[in-house]
Amino acid sequence: MQVLRKLSNQELEISLKDLVQKERRLLHVILEHIKEIDSRKLYLEKAYSSLYEYLVKEFGYSGSAAMRRIEAARLLNEVPTMAQKIQEGALNLSQIGELSRSIKEKEKATGQRVSAFQKSELVAKIESKTTLDTQRELAAALDLPVKEFEKQKMQKDESLRLEITLSKEQHQKLLQCKDLAAHLLEQKHMDSSWASLFEVLADQYLQKKTGTSSKTLTPCRTTADVKANNNDNNENKEYSVNISNKTLTPKTRQMILKRDTCCQYQDPKTGRQCQSTYALQTDHKTSRWSGGKHEPQNLQALCRRHNQYKYKKEAGFL
Ligand SMILES: [Zn+2]
């Protein structure tokens, strides 16, 4: 796509927004086609045993992509108001998948059909929500039972398949551990799965033999907060570092990450702050080669991607 290289950043973004809008409209039209094919049972005529098999074999969809589209097309049939929400991007296929699964679970548990009216109410509840929020909303609205039993199954290679339910607090604590262990996972070439995290935590526990931390989640610190506190003498004292050192000491890095708690990168136009807590690194606001010092005021936490982006921008690669 040579032509894209010639576009300005603004033109590129406008073009992508336009395409995403078209993609959503197209998705809706595709779902309407699937709905019509479903009602005509066209796939049977074409010697496919199911709409699923037809979509996979005739159109090359993956199994999960076909399933999601079928679920969405059938729900669209019952809740026509979904069409507009799909076009607006307020409802995506993974949310519709969650909705469909939850409705099935409810119907199986009660032996009663969830009405079209109830379904349209559920659609309104999950509008513009993330997948996790969608799951929570649906579980609450349909009063789905909380699955508390832990299941474990030993497999032939002696691995253990584990299914557990975490409380909200346990989940948050482990997410915090995942952020803090991101560097370590990367160093060890491990993926970011729960299994890898548990391994890292277990290794450290076994090594140090300490109890688990009851530390609560630290809220993400905004750039404005950090700036205000930088002017505070007490805070500066706490974060004072030896500016004559050639490189930052691990202690200083730790102090800055503890101070900032999240990525401080801001969009220069909108002021939006990234706030990611994943794979944080310490950055010199004014880089070392431009005379930037190791002073706390000149240091900030950036996520790895923004650190790389800032470097490339400053070095003239972007
Ligand atoms: Zn970032």
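As a reminder, the structure under discussion sits directly above these lines.
Definitions and limits used
- Residues numbered from 1 in each chain as written.
- Predicted model: local features only at pLDDT ≥ 70, side-chain atom pairs only at ≥ 80, totals over all residues.
- Heavy atoms only, no water.
- Donors = N, O, S within 2.8 Å, 3.2 Å for Na, K, Ca; no water.
- Tetrahedral: all angles 85-135°; square planar, octahedral: opposite > 155°, others 65-115°.
- Core = buried A, V, L, I, M, F, W, Y, C linked by side-chain atoms within 4.5 Å.
- Buried < 20%, exposed > 50% of the residue type's maximum accessible area, 1.4 Å probe, protein only.
- Helix = DSSP H or I, 4+ residues; strand = E, 2+ residues; numbered from the N terminus.
- Contact = heavy atoms within 4.5 Å.
- 1 Å grid on protein atoms, 1.4 Å probe; cavity = no way out; pocket = protein on both sides within 12 Å on 5 of 7 lines; lining within 4 Å.
- Points joined across faces, edges and corners; volume = space filled by probe spheres on them.
- Nonpolar A, V, L, I, M, F, W, Y, C, P; charged D, E, K, R; others polar.
- Domains from an automatic or database assignment.
- Axes fitted to C-alpha atoms, helices over the stretch in contact; angles between N-to-C directions.
- Parallel < 35°, antiparallel > 145°, perpendicular 65-115°, else oblique.

(A) The arrangement of the coordination of the zinc ion in detail. Around the zinc ion, the protein supplies Cys-263 (SG), Cys-274 (SG), Cys-303 (SG) and His-306 (ND1) as donor atoms, at distances of 2.0 to 2.4 Å. Taken together, the four donor atoms coordinating the zinc ion and their angles of 103 to 127° define a geometry best described as tetrahedral.

(B) Here's a closer look at the nonpolar core. With 21 residues, the main nonpolar core has Met-82, Ile-86, Leu-91, Ile-96 and Leu-99 as its most contacted residues. Among the elements of the structure, α2 (9-40), α5 (63-78), α6 (82-88), α7 (93-110) and α8 (116-126) are those that each provide at least two residues to this core. If we ignore the near neighbours within four places in the chain, the residues touching Ile-96 are Glu-71, Ala-72, Leu-75, Met-82, Ile-86 and Leu-91. Core analysis: the next-biggest nonpolar cluster, separate from the first, contains 10 residues, Ile-34, Tyr-43, Tyr-54 and Leu-55 among them.

(C) Molecular detail of the environment of Ser-128. Residue placement: Ser-128 occurs in the loop between α8 and α9 (131-141). Classification of Ser-128 as exposed rests on a relative accessible area of 58%. Measuring from C-alpha to C-alpha, the distance between Ser-128 and Leu-19 comes to 19 Å, with 109 residues separating the pair along the chain. Beyond its immediate stretch of four places on either side in the chain, Ser-128 contacts Ala-90 and Gln-95.

(D) Just the layout of surface pockets, in detail. Counted as a void, the second largest pocket has a volume near 1,600 Å³. Lining the second largest pocket are 33 residues, with Leu-132, Gln-135, Ile-164, Thr-165 and Leu-166 sitting closest to its centre. Among the secondary structure elements, those contributing two or more residues to the lining of the second largest pocket are α7, α9, β2 (160-163), α10 (168-180) and α12 (194-208). When residues of the lining of the second largest pocket are assigned to their parent elements, the largest contribution, seven residues, is made by α9. Partitioned by chemical class, the residues of the lining of the second largest pocket number 16 nonpolar, seven polar and 10 charged. Residues lining the lining of the second largest pocket come from more than one domain, with at least three contributed by each of domain 1 (2-141) and domain 2 (166-216).

(E) View of the packing of α2 against α5. It is at 8 Å that the axes of α2 and α5 come closest, and there the two elements cross at 80°. Taken together, α2 and α5 sit at an angle that is classed as roughly perpendicular. Contacts from His-28, Leu-31, Glu-32, Ile-34, Lys-35 and Asp-38 of α2 reach α5 at Arg-69, Ala-72, Ala-73, Arg-74, Leu-76 and Asn-77. Tallied by class, the residues present in the contact of α2 with α5 amount to five nonpolar, two polar and five charged.

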